[in-house]
Amino acid sequence: MSPCPADHSTDLLIVGAGPTGLFAAYYAGFRGLSVTVLDSLPEPGGQINAMYPEKQIFDIAGFPAVRGRELVDRLLEQAAPYDPCHLLGHRAETMERTTEGAFVVTTHQGARVQARAVLITGGIGTFTPRPLPAAAAYEGAGLAYFVRRPDDYAGRDVVIVGGGDSAFDWALTLHPLAASVTLVHRRDTFRAHPATVAAVRAAGVEILTGAELTKVIGDRGDIEAVEITRRDGQTYRLSCRGIIAALGFTANLGPLLGWGIDIAHRRHIPVDSAMRTSLPGVYAAGDINDYPGKVRLIAVGFGEAATAVNNAAHHIDPEQPVFPGHSTDVSAAAPAVA
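Residues numbered from 1 in each chain as written. Predicted model: local features only at pLDDT ≥ 70, side-chain atom pairs only at ≥ 80, totals over all residues. Heavy atoms only, no water.

**Considering the overall build of the protein chain**
So, step 1. Scanning the protein chain from terminus to terminus reveals six helices and 22 strands.
So, step 2. Expected size for 338 residues packed as a compact globule is a radius of gyration near 20 Å; at 22 Å, the protein chain falls within 12% of this value.
So, step 3. If you line up the protein chain on its principal axes, its C-alpha atoms span 70 × 45 × 40 Å.
So, step 4. The 338 residues of the protein chain split such that 50% are buried.
So, step 5. Surface accessibility of the protein chain: about 15300 Å² in total, with carbon and sulfur atoms responsible for 51%.
So, step 6. Of the side chains in the protein chain, 28 bear a positive and 35 a negative charge, and the two mean positions are spaced by 6 Å. (Helix = DSSP H or I, 4+ residues; strand = E, 2+ residues; numbered from the N terminus. Rg over C-alpha atoms; globule rule 2.2 N^0.38 Å. Buried < 20%, exposed > 50% of the residue type's maximum accessible area, 1.4 Å probe, protein only. Areas by Shrake-Rupley, 256 points an atom, 1.4 Å probe, with all protein chains shown as cover. Lys, Arg positive; Asp, Glu negative; His and termini not counted. Charge placed at Lys NZ, Arg CZ, Asp CG, Glu CD.)

Take a look at the structure:
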């Protein structure tokens, strides 16, 4: 992935790096557009990486089954020849229209992206990890919300906090690699699928219920141990070299509500058959949009992304047709990769 400079111009700004946004990045490159992908999360993948990175997905065309993380990797690989730039860890805050009809989107970190068209693929809005207060000072330096590279945890003592699908998925993934994996959950019941819970138990992962991580011991970036407090008040130390907080995410449209786009019930963006929003030059695809008969599936989002990009390409350059022809008919469907 290519990082973006803080201030730059692009043909198409894609707000949201979930599957729909990543496929849109490929398709926009195929249409000859320069592309920037912006997302508030530090890693691409959207809801997949946030909620079910290791689960099998069965309704993606051409894949009898594919793990969520693998699907994200394949989408990044598909777009890579067109070199889209990625502005990750940036939440889109404001959008203004220039006198030339372009858009300037400013992020919460002060980056400014000028785009000739905008495609919103933000799923159900901005994802924000639920915090782990006792370890907040170690965010990005021992505390993680995602596991992009499981091998990074090889030979390490890992503590996973949470009781949902992500927590148990990571426990299963890291157990064969890590020196030890301990799952800590403050309740006695879990939100994760019972079959996954059973698999984690069968693998021999230590599960502590009725317990909370209350203290981190060590230097920033060099965690040595954590302090666990049980419901009965008993406290003890657990060896730890890495913490994964899998406490879920909050999601909302946030700043998008102030962009001047019609939004239905503060949750979804109405679009027409071309994926156009109420604001000319701004399109929406994936779970965030809405129209009669809408079905919220990844497979549907892929089709909407292609529709939106083709219409955005025509908006950017009216000399360009909406339909570009089939990729099989194009002599250079993808540029050569050096």
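There is more to say, and it comes next.
**Examining the pairing of strand β6 (residues 85–88)**
So, step 1. Pairing analysis gives two bridges linking strand β1 (residues 2–3) to β6, with the strands arranged parallel. Within β6, the position partnered with Pro3 by the bridge is His86.
So, step 2. Sheet analysis places strand β3 (residues 35–39) next to β6, joined by four bridges and oriented parallel. Among the inter-strand pairings, Leu38 is bridged to a residue of β6, identified as Leu87. (Pairing = 2+ DSSP bridges.)

**Remarks on the state of the cysteines**
So, step 1. Applying the stated rule across the entire model yields one disulfide.
So, step 2. The disulfide partner of Cys4 is Cys85, and the gap between their sulfur atoms is 2.2 Å. Between Cys4 and Cys85, the S-S torsion sits near 100°, and that sign places the bridge as right-handed. Note that Cys4 is positioned in the loop between β1 and β2 (7–15) and Cys85 in strand β6, a separation of 81 residues in sequence.
So, step 3. Look at Cys4 and you get buried, because its relative accessible area is 13%. (Disulfide = S-S within 2.5 Å.)

**Observations concerning the sheet that holds strand β12 (residues 157–161)**
Strands pair in a sheet through their backbones, by hydrogen bonds, and they do so in one of two ways: parallel or antiparallel.
So, step 1. Taken together, the five strands give an open sheet; going across it, the order is β11-β18-β12-β13-β14, and neighbouring strands pair in parallel fashion. Each of the sheet's edge strands pairs with one partner strand only, and the pair in question is β11 (143–144) and β14 (206–209).
So, step 2. Alignment of strand β13 (residues 180–185) against β14, held across four bridges, turns out to be parallel. Looking at β14, one finds that Val184 is bridged to Leu208.
So, step 3. Along the sheet, helix α4 (residues 165–174) makes contact with β12, β13, β14 and β18 (242–245), crossing β13 at roughly 170°. (Contact = heavy atoms within 4.5 Å. Axes fitted to C-alpha atoms, helices over the stretch in contact; angles between N-to-C directions.)

**As for the environment of Gly21**
So, step 1. With respect to the helices and strands, Gly21 occurs in helix α1 (residues 19–30).
So, step 2. When its relative accessible area of 0% is taken as the criterion, Gly21 is described as buried.
So, step 3. Every residue in contact with Gly21, bar those within four places of it in the chain, is listed here: Ile14, Gly16 and Thr121.

**Section: the sheet that holds strand β15 (residues 211–219)**
So, step 1. Judged by pairing direction, the sheet is antiparallel, and its three strands sit side by side in the order β15-β16-β17 without closing on themselves. Pairing within the sheet leaves two strands with one partner each, and these edge strands are β15 and β17 (235–239). In this sheet, neighbouring strand axes are inclined to one another by 30° on average, regardless of whether the strands run parallel or antiparallel.
So, step 2. Bridge count for β15 against strand β16 (residues 222–230) is eight bridges, and the pairing is antiparallel. Bridged to Lys215 within β16 is Glu227.

**Observations concerning the side chain of His86**
So, step 1. Relative to the assigned elements, His86 resides in strand β6.
So, step 2. By relative accessible area, which is 9% here, His86 ends up buried.
So, step 3. Discounting chain neighbours no more than four positions away, the residues touching His86 are Met1, Ser2, Pro3, Cys4, Leu22, Val37 and Leu76.

**Let's talk about the packing of α1 against helix α3 (residues 68–79)**
So, step 1. Interhelical geometry of α1 versus α3 gives an angle of 20° and a closest axis separation of 8 Å. Between α1 and α3, the interaxial angle falls into the category roughly parallel. The element α1 and its partner α3 pack so that their crossing is left-handed. Contacts between α1 and α3 involve Pro19, Leu22, Phe23, Ala25 and Tyr26 on the former and, on the latter, Val72, Leu75, Leu76, Gln78 and Ala79.
So, step 2. Tallied by class, residues from the contact of α1 with α3 come to nine nonpolar, one polar and no charged. (Parallel < 35°, antiparallel > 145°, perpendicular 65-115°, else oblique. Left-handed = near helix turned anticlockwise from the far one by under 90°. Nonpolar A, V, L, I, M, F, W, Y, C, P; charged D, E, K, R; others polar.)

**Regarding the packing of aromatic side chains**
So, step 1. In this structure the tally under the stated criterion is eight aromatic pairs.
So, step 2. Centroid distance Phe23 to Tyr26: 5.6 Å. Interplanar angle 45°. Geometry classified as tilted. Within this pair, Phe23 and its partner Tyr26 are both found in helix α1, separated by three residues, close to a single helical turn.
So, step 3. We classify Phe23 as buried; its relative accessible area is 15%. (Phe/Tyr/Trp six-rings, centres within 6.5 Å; stacked < 30°, edge-to-face > 60°.)

**Focus on α3**
So, step 1. Its twelve residues place the ends of α3 17 Å apart at the C-alpha level, agreeing with the 16 Å of an ideal helix rising 1.5 Å per residue.
So, step 2. Looking only at α3, the buried set comprises Gly68, Arg69, Leu71, Val72, Leu75, Leu76 and Ala79. In a view along the axis of α3, the buried residues occupy a sector of 160°, so they form one face of it. (Expected span 1.5 Å × (residues − 1). Arc of directions from axis to C-beta.)

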